[in-house]
Amino acid sequence: MNKKRIQQIKCLFTLFFVVCASFYATRSYAQNTAVTIRLSGVSMERVMNEIENQTNYLFLSNKDVDINSVVSVDVEARPLSEALAQMVRGTDVVYRFDGKYILLSKADRRPVTVKGVVTDADGAPVIGASVIVKGTTVGASTNTDGSFSLQVPPPAENAVLTVTYLGYEPVDVTVGSRTDFRITLRDSAVAVENVVVTALGIKRQEKALSYNVQQVKSEELTTVKDANFMNSLVGKVAGVQINSGASGPGASARVVMRGEKSIEKGNNVLYVIDGIPMYNHSFGGDGGTYDIGFQSLSGAMERGHDMVYVCYDNEAYMNTGIQRSSSTPHFADTTTTPQGTVIPGKMQQKKNLTKIMVAHGIPYVAQTTFIGNFKDITEKAHKAIYTPGAAFLNVMAPCPRGWRYPSEKLMEVTKMAVETCVWPLYEVVEGKYILSYKPKNKLPVEEYLKMQGRFAHMFKPGNEWMIEEVQKEVDKNWEELLKLCEL
Ligand SMILES: Cc1ncc(C[n+]2csc(CCOP(=O)(O)OP(=O)(O)O)c2C)c(N)n1
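Residues numbered from 1 in each chain as written. Predicted model: local features only at pLDDT ≥ 70, side-chain atom pairs only at ≥ 80, totals over all residues.

Draft legend 1. Local environment of the site of the ligand. Contacts to the ligand come from Gly 284, Gly 285, Asp 286, Gly 287, Gly 288, Ile 292, Asn 314, Tyr 317, Met 318, Asn 319, Thr 320 and Ser 325. The set of elements that each furnish at least two residues to the shell around the ligand consists of strand E19 (281–285) and helix H5 (286–292). Split into classes, the residues belonging to the shell around the ligand amount to 3 nonpolar, 8 polar and 1 charged. (Near = placed C-beta within 6 Å. Helix = DSSP H or I, 4+ residues; strand = E, 2+ residues; numbered from the N terminus. Nonpolar A, V, L, I, M, F, W, Y, C, P; charged D, E, K, R; others polar.)

Next comes the structure, spelled out in structure tokens:
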């Protein structure tokens, strides 16, 4: 190779390095040149002037760029590129550096398909990382090989891809003119902090919460032992009032946080245990309520626990094979009260649990049906939930299988229970009886009985006395109720 040729190659290399160096110098200058601009709702031109004042750059813009568009920039001693990104945000203008010029042009209005691969520091693909176009809902997840592909909405040049994955630092990459990306995620080196589980199971670092969190350590609770755990919290959490029940050890406590706030009076705190909100509501069938759980129900009501008890009354132990409960009505044929020559069905009348609950002196008791009287059950459930203290709802739930009627007659059977006054709708608020519905024309009880197979034997010749007896019982109860309601 002759000397001249070597000289030419040297010149080429020099030129190449000068070009490269100036390119990097431009980029790094743009990155390093700090500007302070605080302009809100001004023309783009105004921001351009400010940038020209604070840097050595000059703007060149295409004719179709609207430099009167209203923009806002708020940066303090931040790189020029950040100010420019804010200046063009929300417009269709894109910028690029060319030497000491910043060229503004109109963005291509078509979305751009970009693809890429996300790996960890060891080059292994990150599966399921989220790649989102910042400020939009456009995004994709990486596949099993760490690859992704998505359509970046225009102007794609200004778009930023944010890549996130649990345990890694998030990465922001400006799209610019690129369509293919290799993105490496670094392990996040965040030390494990106290984590607090907030509503709906959302975990947050304690210090990251914008609201107040207080923790009570288990040792603080075990030093003072109380039959009711809540009473051990008294005086340990600021802003929490705990009123112990007046009925001695084991009494329920009323817990209110930062005062009474609800106009509906439901001011009790909500307990969330293992992510499940614990409302003070209990449900039981009639067997579980009238009989098996009666003692505990009575205890809870008498102690005035702040709770709602809902009895789902289908008038027998249905789950286990239609055995009679103390809620089963007089003469009903069940597997444990089989009508025949020995007995005429159930020998006893239905226990009046609603009245027994009233006798506990609790603030709210009501009788309703689970279908057919939707407004009634909704209003009563609402009252029961928002009445402080114990509330009891007795909900009649006709069971097609156990009562032996076709399920399509469910509404009719329910309605008939109310229209015959077999199951009157009423409530007792602070001891005051209020009738919810008074049938215009009280129907004979046989209209109700004849719909159900469990009473079929009452219609056999010679058994009329059973129907008459039931009618008397219903009438007596109804008259009593009207008196109690002062009607
Ligand atoms: C203390 C207790 N005793 C007995 C049982 C068995 N058992 C399971 S379901 C059931 C029937 C409950 O009847 P009811 O409460 O009327 O509800 P339904 O089946 O009618 O919905 C019984 C007795 C039980 N679960 N717990």
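Okay, back to it.
Draft legend 2. Expanded view of the sheet that holds strand E8 (residues 139–141). Here we have 4 strands laid out as an open sheet, ordered E8-E7-E10-E11, and antiparallel in their pairing. On the outer flanks of this sheet lie E8 and strand E11 (171–174), each paired with one strand and no other. Going from strand to strand, the sheet's axes swing by 20 degrees on average, the running direction of each strand aside. As paired elements, strand E7 (residues 130–133) and E8 share 3 bridges and run antiparallel to each other. Paired with Ile 132 across the strands is Gly 139, a residue of E8. (Pairing = 2+ DSSP bridges. Axes fitted to C-alpha atoms, helices over the stretch in contact; angles between N-to-C directions.)

Draft legend 3. Helix H6 (residues 294–303), seen in detail. Within H6 the residues assigned to the buried category are Leu 297, Ala 300 and Met 301. Looking straight down H6, one finds that the buried residues subtend no more than 95 degrees of arc, so they occupy a single side. Exposed residues lying more than 90 degrees from the buried face of H6 are Gln 295 and Ser 296. Buried residues along H6 sit in contact with H5, strand E20 (308–313), helix H7 (353–358) and strand E22 (391–396). Gly 304 sits one or two positions beyond H6 and adopts a positive phi of about 75 degrees. (Buried ≥ 20, exposed ≤ 12 C-beta atoms within 10 Å, placed from the backbone. Arc of directions from axis to C-beta. Contact = placed C-beta atoms within 7 Å.)

Draft legend 4. Region of the structure containing the environment of Ala 417. Mapped onto the secondary structure, Ala 417 falls in helix H10 (residues 410–419). Each C-alpha atom, one on Ala 417 and one on Glu 447, is 9.1 Å from the other, the two residues being 30 residues apart in sequence. In this structure, Ala 417 is in contact with Met 396, Val 422, Trp 423 and Tyr 448, ignoring residues within four places of it in sequence.

Draft legend 5. Local environment of the sheet that holds E19. The strand order across the open sheet formed by 6 strands is E19-E20-E22-E21-E23-E24, and the pairing between neighbours is mixed. Every interior strand has two partners, whereas the edge strands, E19 and strand E24 (432–435), have only one. Within the sheet, the average angular offset between the axes of one strand and its neighbour, ignoring direction, is 15 degrees. With 4 bridges connecting them, strand E23 (residues 426–429) and E24 associate as antiparallel partners. The partner of Val 429 across the bridge, within E24, is Lys 432.

Draft legend 6. Representation of the pairing of strand E4 (residues 93–98). Looking at chain direction, E4 and strand E5 (residues 101–106) are connected through 6 bridges and run antiparallel. The partner of Tyr 95 across the bridge, within E5, is Leu 104. The loop that links E4 with its antiparallel partner E5 comprises 2 residues; one of these, Gly 99, has a positive phi angle of about 60 degrees.

Draft legend 7. Broad picture of the nonpolar core. Ranked by size, the top nonpolar core spans 42 residues in total, and within it Ile 362, Ala 391, Phe 392, Leu 393 and Ala 417 carry the most contacts. In terms of residues, this core owes the most to one element, E22, which gives 5 residues. (Core = buried A, V, L, I, M, F, W, Y, C linked by C-beta atoms within 7 Å.)

Draft legend 8. Geometry of the confidence of the model for the protein. Mean pLDDT over the protein: 84, with 79% of residues reaching 70 or higher. Of the regions scoring below 50 in pLDDT, residues 1–27 engages in 3 contacts with residues more than four places distant in sequence or in other chains. (pLDDT = per-residue confidence, 0-100.)

Draft legend 9. Main features of unusual backbone geometry. In this structure, Cys 421 takes a positive phi of about 70 degrees despite not being glycine. Secondary-structure assignment places Cys 421 in the loop between H10 and E23. Given 22 C-beta atoms within a 10 Å radius, Cys 421 is considered buried. Residue Glu 430 is not a glycine yet carries a positive backbone phi of 45 degrees. Position of Glu 430 among the secondary structure elements: in the loop between E23 and E24.

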